[in-house]
Amino acid sequence: MPTQTIDDLDTPSLIVDMDIMERNLQRMANFTRECGVNLRPHVKTHKIPEIAKLQIDGGAKGVCLQKLSEAEVFATRGITDIFITNEVVGKQKYPRLARLADQIDLKVAIDHYENAVEISKACSEVGTELKVLVDVDVGLHRCGVLPVEAGILADKISKLKNLVFTGIMGYDGQAMSGKSKSEREKISNEAMDQIAIAQKEIRKTGHEIKVTSVGSSVSTWTDARRPEVTEVQPGMYLFNAVNLVEAEVATLDDCALTVLSTVMSKPTEDRAILDAGSKAFHFDHCAYPWLVGLEGAQIYGFSEEHANVSLKGASRSLKLGDRVQAIPQHCCTCINQHDEMVALRKGNVENVWKVAARGMMK
Ligand SMILES: Cc1ncc(COP(=O)(O)O)c(C=O)c1O
């Protein structure tokens, strides 16, 4: 069969430039190796087991996932070292969690004793053990115990049957909100100070902390240098996107992921309409994607299946049927909109991956 190229793809298509993705993969693997911490990428970013295998082959210790159903999908596709960096709550989920713990090397985050009791019971029924990381709120104010309460919870968990207290996690996603590089670094360092408090509290109760897992694609560059940290869990670094360019941890040249679309209408000289809208890009941060290599052209409006583009200067020559690429604002939610991702190398199709854990929210 002749090699398919980018020109053969129907639109909208989610595409990844393999050369850029591999460079991003290597950069993070090298950085974490230099810092002496384990890399456990968050693969809810892409939900594609084949890419997770590339990350593991590149030196990652295992993966993080956010949802039990995502973990089940990855486990059936041969990923056997998974940390669910999230609270798993609900009677429908406990037996599934225990069964998965029986099959693979699984860890889960816990921030409440009652949740630990339920998970302990489910694991006892299955006759398996599950490793637990206490989730500490390091300033995001989402889930997590206060750092000063981490010792009490760790101690209680370690007394429960079939649970193995293994360490702590603290996700400092709030670092993204810093207005400058130095402010983002300051927020990350303050979060790690909270980690240090939690560690002190746990050590007072006599428990060993084997794993301290932290970090986002913004904060990992700061966190990994801290002595408290043993493991980092960035996700988006693999592709990058507008949000990470704005956060100054990537440049446009580091953005591996785009949506390819076609000019489906050119109603006026200064306005083009693309065949990819909010259903192809997602719009969770109410910010538009950036067009690649089209000076003067800017996406300024979305319908579900349309993007409105304003055209100035040379970009006014854009015509019906032309194909354009745009970098999403946020790669994770964009990927979750698509059934498959096309891997391109120098314009040739190298792979078409199914987004296997797409829509796995339970
Ligand atoms: C708990 C947790 N860890 C790690 C990550 C990865 O961070 P990022 O998306 O900035 O790469 C996320 C992302 O939401 C997360 O929720």
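Residues numbered from 1 in each chain as written. Predicted model: local features only at pLDDT ≥ 70, side-chain atom pairs only at ≥ 80, totals over all residues.

K.L.:
Break down the nonpolar core for me, citing the residues and quoting the values.
P.N.:
Of all hydrophobic cores here, the largest spans 110 residues; its most connected members are L97, V132, V134, I168 and F239. The element that contributes the greatest number of residues to this core is helix α7 (residues 181-204), accounting for 6 residues. Among the domains, domain 1 (19-236) and domain 2 (252-354) are the pair contributing at least three residues each to this core. When sequence neighbours within four positions are dropped, the list of residues in contact with I168 reads L133, V134, V136, A150, I195, A198, I202, I209 and T212. (Core = buried A, V, L, I, M, F, W, Y, C linked by C-beta atoms within 7 Å. Buried ≥ 20, exposed ≤ 12 C-beta atoms within 10 Å, placed from the backbone. Helix = DSSP H or I, 4+ residues; strand = E, 2+ residues; numbered from the N terminus. Domains from an automatic or database assignment. Contact = placed C-beta atoms within 7 Å.)

K.L.:
Please give an account of unusual backbone geometry that cites residues and values.
P.N.:
With the exception of glycine, the majority of residues adopt a negative phi angle, and the majority of peptide bonds are in the trans configuration. Here the bond from T11 into P12 is cis, since omega is -5°, no more than 30 degrees from zero. Phi at H141 takes a positive value of approximately 55°, unusual for a residue other than glycine. Note on placement: H141 falls in the loop between β6 (130-135) and α6 (150-158). If you check the backbone angles, N162 has positive phi at about 65° while not being a glycine. In this structure, N162 sits in the loop between α6 and β7 (163-170). On the basis of neighbour count, N162 is assigned to the partly exposed category, with 18 C-beta atoms found within 10 Å.

K.L.:
So what's going on with the domain arrangement of the protein chain? Residues and values would help.
P.N.:
Examined at the domain level, the protein chain breaks down into domain 1 (19-236) and domain 2 (252-354). Centre-to-centre separation of domain 1 and domain 2, based on C-alpha positions: 33 Å. Secondary-structure elements contributing two or more residues to the side of domain 1 that touches domain 2 are α1 (18-35) and α2 (49-57). The element contributing the most residues to the side of domain 1 that touches domain 2 is α1, with 4 residues.

K.L.:
Mind laying out α1, listing which residues take part and the relevant values?
P.N.:
Between its first and last C-alpha, α1 extends 26 Å over 18 residues, near the 26 Å set by a 1.5 Å rise per residue. Inspection of α1 places M21, N24, L25, M28 and T32 among the buried residues, and these make up the whole buried set. Mapping the buried residues of α1 onto a view down its axis gives an arc of 100°, with all of them on the same face. Every exposed residue of α1 that faces more than 90 degrees away from the buried side is listed here: D19, Q26, R33 and E34. Elements in contact with the buried residues of α1: β1 (13-17), β2 (38-39), α2 and β9 (231-232). Within two residues after α1, G36 carries a phi angle of roughly 75°, on the positive side. (Expected span 1.5 Å × (residues − 1). Arc of directions from axis to C-beta.)

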